[in-house]
Amino acid sequence: MTKVLLSIHVLAAILAIGPVTVAASMFPRYAAQAFAAPADLAIRSVVQTLHRICRVYSVLGIFVPAFGLMTAISLGVLTDTWLIVSIILTAVAAVLLVASLLPAQRAILASLDDDVADPSDGMPATISRLRMVTGLFSLLWAIVTILMIARPGSTTGA
Amino acid sequence: MPRPETALRIASIAEIVTLAILLTNLFTIHARPISSSMGMIHGCTYLLVICCVLLIERTPIRIKALAWIPIVGGILAVRALARARDDAA
């Protein structure tokens, strides 16, 4: 049972968190291009698609902590320090995603749709802030992944 | 990938069916493999219902809240969405 739960947990992490990380890191670059060329509808639809990938796969990402918790319970490691640290970092990443990253993407898309928006109205500042948040988000996932593999202080094997 | 509305309908039925299997098992043979596998699947359908409702665009917050109700949340959300569509039409 533990093997099934762990497999689904890892599969969900690869399939859900992976696309969000990649699409979120591509978003600021294409958003900046879309602001530089407001008439280019092709780039705008790329930005919209990247946002959609982030939104949809963030929701599906709920399955990662759900199966992670079930795996931890069935292994009896829920109170291990490395796991609690991972849970806290995951929670921080999730809050960052829902409360900062996705709303910033939505705001950028909305102001792209406003035809009156001119490139000098401060949107590049939002984009560079989004770049920072996105980088932080990816960094958190990298740390959590390493914690999941290294499991410092764990006694359940290499 | 199916549309979230279709997935919601399937998940909301599965949420109830898996619970029915769980309860039947509990009061009859109480086989452990059925409990553990169906328990997991029932939990999944619960999460899936919430996912689907969050993925349907421009859903009122009231319907989003309905999906979080255990067991009947999916069915209630399907009905509420249908009613919202009828009102809009």
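Residues numbered from 1 in each chain as written. Chains lettered and ligands numbered in written order. Predicted model: local features only at pLDDT ≥ 70, side-chain atom pairs only at ≥ 80, totals over all residues. Heavy atoms only, no water.

1. Section: the overall build of chain A
Phase 1: Counting secondary structure elements, chain A contains five helices and zero strands.
Phase 2: When its helices and strands are written in sequence order, chain A yields α-α-α-α-α.
Phase 3: Oriented by its inertia axes, the alpha-carbon framework of chain A measures out at about 60 × 25 × 20 Å.
Phase 4: Averaging the coordinates of the 9 positive side-chain charges in chain A and doing the same for the 7 negative ones gives two points 15 Å apart. (Helix = DSSP H or I, 4+ residues; strand = E, 2+ residues; numbered from the N terminus. Lys, Arg positive; Asp, Glu negative; His and termini not counted. Charge placed at Lys NZ, Arg CZ, Asp CG, Glu CD.)

2. Some details on unusual backbone geometry
Phase 1: Phi is positive for Arg151 of chain A, which is not a glycine, with a value near 40 degrees.
Phase 2: Considering the arrangement of structural elements, one finds Arg151 of chain A in the segment after helix H5 (123–150).
Phase 3: Phi at Ile71 of chain B takes a positive value of approximately 65 degrees, unusual for a residue other than glycine.
Phase 4: As for its placement among the helices and strands, Ile71 of chain B is situated in the loop between helix H3 (61–66) and helix H4 (73–88).

3. Let's talk about the interface of chain B and chain A
Phase 1: Between chain B and chain A, the contact holds 11 residues from the first and 14 residues from the second.
Phase 2: Summed over both partners, the interface of chain B with chain A buries about 1,100 Å², with 85% contributed by carbon and sulfur atoms.
Phase 3: On the chain B side of the interface with chain A, the three residues burying the most area are Met40, Leu47 and Leu55 of chain B, jointly 47% of the side's total.
Phase 4: Taken together, the links from chain B to chain A amount to two salt bridges.
Phase 5: Counting across the interface, chain B meets chain A through one residue pair in polar contact (both at pLDDT 80 or more).
Phase 6: Among the residues forming the side of chain B that touches chain A, the class breakdown is eight nonpolar, two polar and one charged. (Contact = heavy atoms within 4.5 Å. Buried area = accessible area lost by both parts, 1.4 Å probe. Salt bridge = Lys/Arg side-chain N within 4 Å of Asp/Glu carboxyl O. Polar contact = N/O pair within 3.5 Å; in protein donor to acceptor, adjacent residues only side chain to side chain. Nonpolar A, V, L, I, M, F, W, Y, C, P; charged D, E, K, R; others polar.)

4. Points about the state of the cysteines
A covalent bond bridging the sulfur atoms of two cysteines is what the word disulfide describes.
Phase 1: This model, assessed by the stated rule, comprises zero disulfides over all chains.
Phase 2: Cys54 of chain A carries a free sulfur, and the closest cysteine sulfur to it, the one in Cys51 of chain B, is 16 Å from it.
Phase 3: In this structure Cys52 of chain B is a free cysteine whose sulfur lies 6.7 Å from that of Cys51 of chain B, the closest cysteine sulfur available.
Phase 4: On the accessibility criterion, Cys52 of chain B (6% relative accessible area) is buried. (Disulfide = S-S within 2.5 Å. Buried < 20%, exposed > 50% of the residue type's maximum accessible area, 1.4 Å probe, protein only.)

5. Describing helix H1 (residues 2–36) of chain A
Phase 1: With 35 residues, H1 of chain A extends 51 Å from end C-alpha to end C-alpha; this agrees with the ideal 51 Å at 1.5 Å per step.
Phase 2: At Phe27 of chain A, H1 of chain A shows its strongest bend, of approximately 30 degrees, with the proline Pro28 of chain A following within four residues. (Expected span 1.5 Å × (residues − 1). Bend = angle between axes of the 7 residues up to and from the residue.)

6. Observations concerning the environment of Ile143 of chain A
Residue and element names in this part refer to chain A.
Phase 1: With respect to the secondary-structure elements, Ile143 resides in helix H5.
Phase 2: On the basis of relative accessibility, which here comes to 37%, the residue Ile143 falls in the partly exposed class.
Phase 3: As for Ile143 and Ser7, which are separated by 136 residues in sequence, their C-alpha atoms are 20 Å apart.

7. A closer look at a nonpolar patch on the surface
Residue and element names in this part refer to chain B.
Phase 1: Side chains of Ile13, Ile16, Val17, Ile21, Ile29, Ile34, Ile69, Ile71, Val72, Ile75 and Leu76 sit close together on the surface and give an oily, nonpolar patch of about 820 Å² of accessible area.
Phase 2: Only helix H1 (4–27) and H4 provide two or more residues apiece to the nonpolar patch.
Phase 3: Take the nonpolar patch: its biggest share by element is four residues, from H1.
Phase 4: Checked against the element boundaries, Ile34 lands in helix H2 (residues 32–55).
Phase 5: Ile34 sits in the partly exposed class, given a relative accessible area of 31%. (Patch = residues over 30% accessible without salt bridge, like charges linked within 9 Å, V, L, I, M, F, W, Y side chains within 5 Å. Areas by Shrake-Rupley, 256 points an atom, 1.4 Å probe, with all protein chains shown as cover.)

8. With respect to H2 of chain B
Phase 1: Over its 24 residues, H2 of chain B extends 34 Å from the first C-alpha to the last, a length consistent with the 34 Å expected when each residue adds 1.5 Å.
Phase 2: For H2 of chain B, the full list of buried residues reads Met38, Met40, His42, Cys44, Thr45, Leu47, Val49, Ile50, Cys51, Cys52, Val53 and Leu55 of chain B.
Phase 3: Looking at the buried residues of H2 of chain B, the elements they touch are H1, helix H2 (41–60) and helix H3 (63–75) of chain A together with H1, H3 and H4 of chain B.

9. A closer look at the packing of aromatic side chains
All names here are of chain A.
Phase 1: For the coordinates displayed, the defined rule picks out two aromatic pairs over all chains.
Phase 2: Their ring planes at 90 degrees and their centres at 6.0 Å tell us that Phe137 and Trp141 sit as a pair that is edge-to-face. With Phe137 and Trp141 both in helix H5 and four residues apart, the pair spans about one turn of that helix.
Phase 3: You can call Trp141 buried: its relative accessible area is 14%. (Phe/Tyr/Trp six-rings, centres within 6.5 Å; stacked < 30°, edge-to-face > 60°.)

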